[in-house]
Amino acid sequence: MTLPIFDLCLKNGSVVLPDATVVTDVYVRDGRIARIGGQGDAGRVIDCTGLTVLPGVIDTQVHFREPGLTAAEDLATGSLAAVMGGVTAVFEMPNTKPPTDCPEAVVAKLEHARGRMWCDHAFYVGATTDNAERCAELEMLPGTAGIKIFMGSSTGSLLVSDDAVLERVLRSGRRRVAIHAEDETRLHERLNERKAGDPSSHPVWRDEETALRATQRIVQLARRTGRRIHVLHVTTPAELEFLSGHKDIASCEVTPQHLTLAGEDAYVRLGTLAQMNPPIRGEKYRDGLWYWMGQGVPDIIGSDHAPHPLAAKQRAYPDTPSGMPGVQTLLPLMLNHVAHGRLSLRRLVDMTSAGPQRLFGLVRKGRIAVGYDADFSVVDLAARWTVQQEWLASKCGWSPFVGDELTGRPMGTIIRGNVVMWENQLAPTAQGEPLLFEATDRPREA
């Protein structure tokens, strides 16, 4: 009896390759892409006729809340939501309790992830006043996505708002540093702009100038130190216009939430469920983000998945936490934007697969090519469906997008050749592994 040459074949799908989209077969062996096109025997064949095979989607900003804040999420449930939404890998943020700000905390997260996380993963280390000089060491820990700076207060205890400390962090290390850019001084100055019971005052308090001022400050410090930075969840056209002049040193991210929601409707319809940092702003800001998307300035899409228990979100503003779930809806929302002609499928792939690989130096991720990990997000671009409560896998149990009618749906999530999700059915066990980075991974001897 002849054994199959390949472990898996995705057959007759529209495969998004680096240079073209073609209807072909993709063969997998030992967790990696072994052949594109041609013929061969495989132990499992999945018919992808009518479906589109994307490189695995990488969400580079999620908050899975473990340890310490697990009433809303943990590493298991957050990563389950990821794979249900077609996401194959995540970068998880450090504002947990205790924060991820030392080697022991990183090791603990990796241990908690083993056998529980459904997708591949890496963990950010949070910068603090106390660990500023150790960041060069911390960013090189295995399984680490790099250093994260919170310039403005948000969920958790990590905050570095002083320029002198920010400069110390940027001078320690060489990998790209992720930035939450809101100006803490201005946030304190404008606290009275919050109106009790009125979540629509949230973007009045955390206004455009709060974001722009912090972004300008951190770019100036990046110039001074020669350190590349990555500005997260950009919400204003002014920031993107400014960042367009600094692409040699500053990359940036936008979120599906800020590209989809407009404050005029969101706060009336959703109330505090629309509250996040930086905030959902008005329609002119959302449209301005799309203008700069058309100019090619944002580099990647990240969900900023930041869940809280529904009971906490239903308190009266401002006694409410900021943040909303998003990892499971990242790909569906962006596919819907593709369907409505707001961006091309190829641009979406660049912002969710090739872009993260390029910016952060991921090993064997981000494209469908022989030798790369067999990570695929298989989608039905024509599927019309409604986001249902029952579909959500996050422990928090809610989404601002429940009831939304979308075009384009994730059908399968395949990670290193493992079919983790297919047509909403899960594999028996979680098989996520730590991501590898060019900066920290030493190639194995042949």
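Residues numbered from 1 in each chain as written. Predicted model: local features only at pLDDT ≥ 70, side-chain atom pairs only at ≥ 80, totals over all residues. Heavy atoms only, no water.

**Looking at the sheet that holds strand E8 (residues 120–126)**
Here eight strands make up an open sheet; going across it, the order is E6-E7-E8-E9-E10-E11-E12-E13 and the pairing parallel. One side of each edge strand has no neighbouring strand; the edge strands of this open sheet are strand E6 (57–62) and strand E13 (300–301). Inspection of the sheet shows strand E12 (residues 250–254) paired to E13 by two bridges, in the parallel sense. Residue valine 254 lies in a different strand from E13, and its bridge partner there is isoleucine 301. Running over the sheet, helix H2 (residues 103–113) touches strand E7 (87–92), E8 and strand E9 (144–150) and is turned about 160° from E8. (Pairing = 2+ DSSP bridges. Helix = DSSP H or I, 4+ residues; strand = E, 2+ residues; numbered from the N terminus. Contact = heavy atoms within 4.5 Å. Axes fitted to C-alpha atoms, helices over the stretch in contact; angles between N-to-C directions.)

**Focus on the nonpolar core**
Formed by 94 residues in total, the largest nonpolar core has its most connected members in Val90, Ile149, Ile218 and Ile229. The residues contacting isoleucine 149, other than those within four sequence positions of it, are Ala127, Val160, Leu166, Val169, Leu170, Val177, Ala178, Ile179 and His180. Grouped together as the second largest cluster of nonpolar side chains are 19 residues, Leu8, Leu51, Ala374 and Met411 included. (Core = buried A, V, L, I, M, F, W, Y, C linked by side-chain atoms within 4.5 Å. Buried < 20%, exposed > 50% of the residue type's maximum accessible area, 1.4 Å probe, protein only.)

**Here we look at the pairing of E6**
With six of its six residues buried, E6 lies for the most part within the structure. When E6 meets E7, the two strands line up parallel, connected through four bridges. Across the sheet, aspartate 59 pairs through a bridge with valine 90, a residue of E7. A crossover connection joins E6 to the parallel E7 through helix H1 (residues 75–84); in handedness this β-α-β unit is right-handed. (Right-handed = clockwise from strand over helix to strand, strands pointing away.)

**Structural notes on empty space enclosed by the protein**
Tallying each qualifying case throughout the model produces three cavities of 30 Å³ or more. Of the pockets and cavities examined, the second largest cavity occupies roughly 70 Å³. (1 Å grid on protein atoms, 1.4 Å probe; cavity = no way out; pocket = protein on both sides within 12 Å on 5 of 7 lines; lining within 4 Å. Points joined across faces, edges and corners; volume = space filled by probe spheres on them.)

**Some points on the packing of helix H4 (residues 163–171) against helix H7 (residues 208–225)**
Their axes nearest at 10 Å, the elements H4 and H7 cross at an angle of 45°. By the angle between their directions, the pair H4 and H7 is classed as oblique. Here H4 and H7 pass one another in a crossing that is right-handed. Two secondary-structure elements touch here, H4 through Asp163, Leu166, Glu167, Leu170 and Arg171 and H7 through Arg217, Ile218, Leu221, Ala222, Arg224 and Thr225. Among the residues forming the contact of H4 with H7, the class breakdown is five nonpolar, one polar and five charged. (Parallel < 35°, antiparallel > 145°, perpendicular 65-115°, else oblique. Left-handed = near helix turned anticlockwise from the far one by under 90°. Nonpolar A, V, L, I, M, F, W, Y, C, P; charged D, E, K, R; others polar.)

**As for the packing of aromatic side chains**
Going through the model one piece at a time under the given rule, you end up with six aromatic pairs. Ring geometry for phenylalanine 6 against tyrosine 27: centres 4.8 Å apart, planes inclined by 40°, an arrangement best described as tilted. One end of the pair, phenylalanine 6, is in strand E1 (residues 6–16); the other, tyrosine 27, is in strand E2 (residues 21–29), and 21 residues separate them in sequence. Residue phenylalanine 6 is classed as buried on the basis of its relative accessible area of 3%. An angle of 75° between the planes, with centres 5.1 Å apart, marks the rings of tryptophan 385 and tryptophan 391 as edge-to-face. By relative accessible area, which is 9% here, tryptophan 391 ends up buried. Every member of this aromatic cluster is reached through a ring pair, and the members are Phe91, Tyr124, Phe360 and Phe437. (Phe/Tyr/Trp six-rings, centres within 6.5 Å; stacked < 30°, edge-to-face > 60°.)

**Here we look at the environment of valine 231**
On the secondary structure map, valine 231 appears in strand E11 (residues 229–231). Taking relative accessible area as the criterion, valine 231 reaches 1% and is therefore assigned buried.

**Comments concerning the confidence of the model for the protein chain**
Across the protein chain, the average pLDDT comes to 96, with 98% of residues at 70 or higher. Mean pLDDT values for the elements of the protein chain range from 95 in helix H5 (residues 184–189) up to 99 in E7. (pLDDT = per-residue confidence, 0-100.)

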